[in-house]
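If you want the building blocks of each chain, they are given just below.
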Amino acid sequence: MSILLTGGLGYIGSHTAVELLSAGYDVVVVDNLSNSDLSVKDRIAQIVSSTRKIGEDNFKVYVGDVRDENLLNKVFSQNKIDAVVHFAGLKAVGESTKKPIEYYDNNLISTLKLLEVMRKFNVKNFVFSSSATVYGQAKSMPIYEDFPVGATNPYGRTKLFIEEILKDLYAADNSFNIAILRYFNPIGAHDSGLIGEDPNGIPNNLFPYISRVATGKLDCLSIFGNDYNTPDGTGVRDYIHVVDLAKGHLCAIKKLEQNCGLQIYNLGTGKGYSVLDIVNAYNKVCGGKVKYKFAPRRPGDIDICYASPEKAEKELGWHAERDLENMCKTGYNFECKKQK
Ligand code: NAD
Ligand code: UFG
């Protein structure tokens, strides 16, 4: 079976490519390299080569934009695609408030073009990268899939709008099988240290920021707020190892093969950790190099957010396996190995 990964050279896409290839699937990637590097292709191949011999027919990368219909036509004509996982998108919450047109254009148009070409080529299995951000500040924890949704920024709204588009599409044509995966906070890296999260510029997210402080690339972490309604006053999130998250996509693809219709799944661990928990766990791994100071709250942040992963466990047979120590170890290993 051949799976198309849009954005397959990015953080979550690259780890998913490794898991799919290792499980015997063929993988086709379309990525415009707006937030990734072509060298990731060779690193994915290098990781997989220890368990499977792969050639050009098993793993192809097209450098180009998902909004480019001609490119999509070429990809679908040249490959017999069985399912699509749509990772490609812009994802920085803060940037989306400054550049809403770019976010709506990139995230919505890419999805519409992709679905149109899929329909034309009669490819009806679709996995979408959604986000816990669609829940906003939920009224209680853990968060279940049927909780009310509502976004507070353009990035989140692109995710919500796409979810609605997918529901409309399914209502019009129930031969589609669609898995909407709402990711919580992916962190960590592949055990090899060859792939991981490597944002351009100063990281917006907590974990890559900590990694750069631990390796001396940045001076000091600012912890945004210590007066939240949480046990230690700092924000609580559901951090999930990116390899566990990647494995969730394999389970979702297997579910699509059973003609599941449209399904929504939280992919999280069900545990909440505070910013201080993360700093302390990372410091155990790196020998106490993460210095921090408290700073004012970041606008738009919520107190607490963690998943109920019960539905994914029950219906996909998936649950996260790796603990916080492993997330920190693999993340630190990647950051230390990075050539930058
Ligand atoms: P990423 O930026 O590392 O990967 C996205 C990839 O898509 C990049 O390689 C980028 O070059 C590519 N891309 C972007 N727009 C494109 C386009 N129009 N055409 C072709 N390629 C394009 O991000 P990630 O962390 O791997 O996230 C993957 C998906 O998961 C995104 O849709 C994101 O919104 C979603 N998500 C991520 C998180 C997170 O914390 N990382 C949380 C929830 C949801
Ligand atoms: N934080 C700091 N200092 C930093 C960065 C973050 O204290 O330098 C804190 C935040 O205030 C928050 C926690 O660390 O309490 C996590 O922040 P992140 O920016 O790492 O993650 P968010 O939960 O804000 O958002 C992320 C992605 C979203 C996605 C969401 C899903 O950025 O795109 O997870 O839960 F939707």
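Further up the page is the structure itself.
These numbers come from a predicted model, not from an experiment.

Draft legend 1. View of the nonpolar core. In this structure, Ile3, Leu5, Leu20, Val27, Ile44, Val127 and Leu181 are the most contacted members of the largest nonpolar core, which totals 41 residues. In terms of residues, this core owes the most to one element, helix H8 (residues 242–257), which gives eight residues. Beyond its immediate sequence surroundings of up to four residues, isoleucine 44 is in contact with Gly8, Leu9, Ser14, Ala17, Val18, Leu21 and Phe59.

Draft legend 2. Here's a closer look at the site of ligand 1. Close to ligand 1 lie 28 residues, the nearest being Asp31, Asn35, Phe87, Lys91 and Tyr155. Separating a nitrogen atom of ligand 1 from a backbone N or O atom of asparagine 32 is a distance of 3.1 Å. Take valine 66: an N or O atom from its main chain is 3.0 Å from a nitrogen atom of ligand 1. If ligand 1 stood free it would expose 820 Å²; the protein chains cover 95% of that surface. When residues of the shell around ligand 1 are traced back to their parent elements, those giving at least two are helix H1 (11–22), strand E5 (125–131) and helix H6 (154–172). Residue contributions to the shell around ligand 1 peak at three residues, all from E5. When the residues that make up the shell around ligand 1 are grouped by side-chain class, the tally is 11 nonpolar, 12 polar and five charged.

Draft legend 3. Summary view of the site of ligand 2. Taken together, 21 residues form the shell around ligand 2, and within it Ser131, Asn185, Arg237, Arg298 and Asp301 come nearest. Here an oxygen atom of ligand 2 and a side-chain polar atom of asparagine 185 are 2.7 Å apart. Asparagine 205 places a polar side-chain atom, nitrogen or oxygen, 2.8 Å from an oxygen atom of ligand 2. Looking at the shell around ligand 2, the element that brings in the most residues is strand E8 (residues 221–224), giving four residues. Taken together, the residues of the shell around ligand 2 break down into 10 nonpolar, seven polar and four charged.

Draft legend 4. The environment of phenylalanine 87, seen in detail. For phenylalanine 87, the location among the structural elements is in the loop between strand E4 (83–86) and helix H4 (93–98). Leave out the neighbours within four places in its chain, and phenylalanine 87 touches Leu5, Thr6, Gly7, Ile12, Gly13, Thr16, Ser129, Tyr183 and His249.

Draft legend 5. Inspection of unusual backbone geometry at higher detail. For the bond running from methionine 141 to proline 142, omega is -5°, close enough to zero to count as cis. Of note, proline 142 is situated in the loop between E5 and H6. Positive phi outside glycine occurs at leucine 33, with the angle close to 60°. Along the chain, leucine 33 turns up in the loop between strand E2 (26–31) and helix H2 (39–48). Given a relative accessible area of 27%, leucine 33 falls into the partly exposed group. Its identity as a non-glycine residue notwithstanding, asparagine 122 has a phi of 60°, on the positive side. For asparagine 122, the location among the structural elements is in the loop between helix H5 (100–120) and E5.

The rules behind each value
Residues numbered from 1 in each chain as written. Chains lettered and ligands numbered in written order. Predicted model: local features only at pLDDT ≥ 70, side-chain atom pairs only at ≥ 80, totals over all residues. Heavy atoms only, no water. Core = buried A, V, L, I, M, F, W, Y, C linked by side-chain atoms within 4.5 Å. Buried < 20%, exposed > 50% of the residue type's maximum accessible area, 1.4 Å probe, protein only. Helix = DSSP H or I, 4+ residues; strand = E, 2+ residues; numbered from the N terminus. Contact = heavy atoms within 4.5 Å. Near = heavy atom within 4 Å. Polar contact = N/O pair within 3.5 Å; in protein donor to acceptor, adjacent residues only side chain to side chain. Areas by Shrake-Rupley, 256 points an atom, 1.4 Å probe, with all protein chains shown as cover. Nonpolar A, V, L, I, M, F, W, Y, C, P; charged D, E, K, R; others polar.

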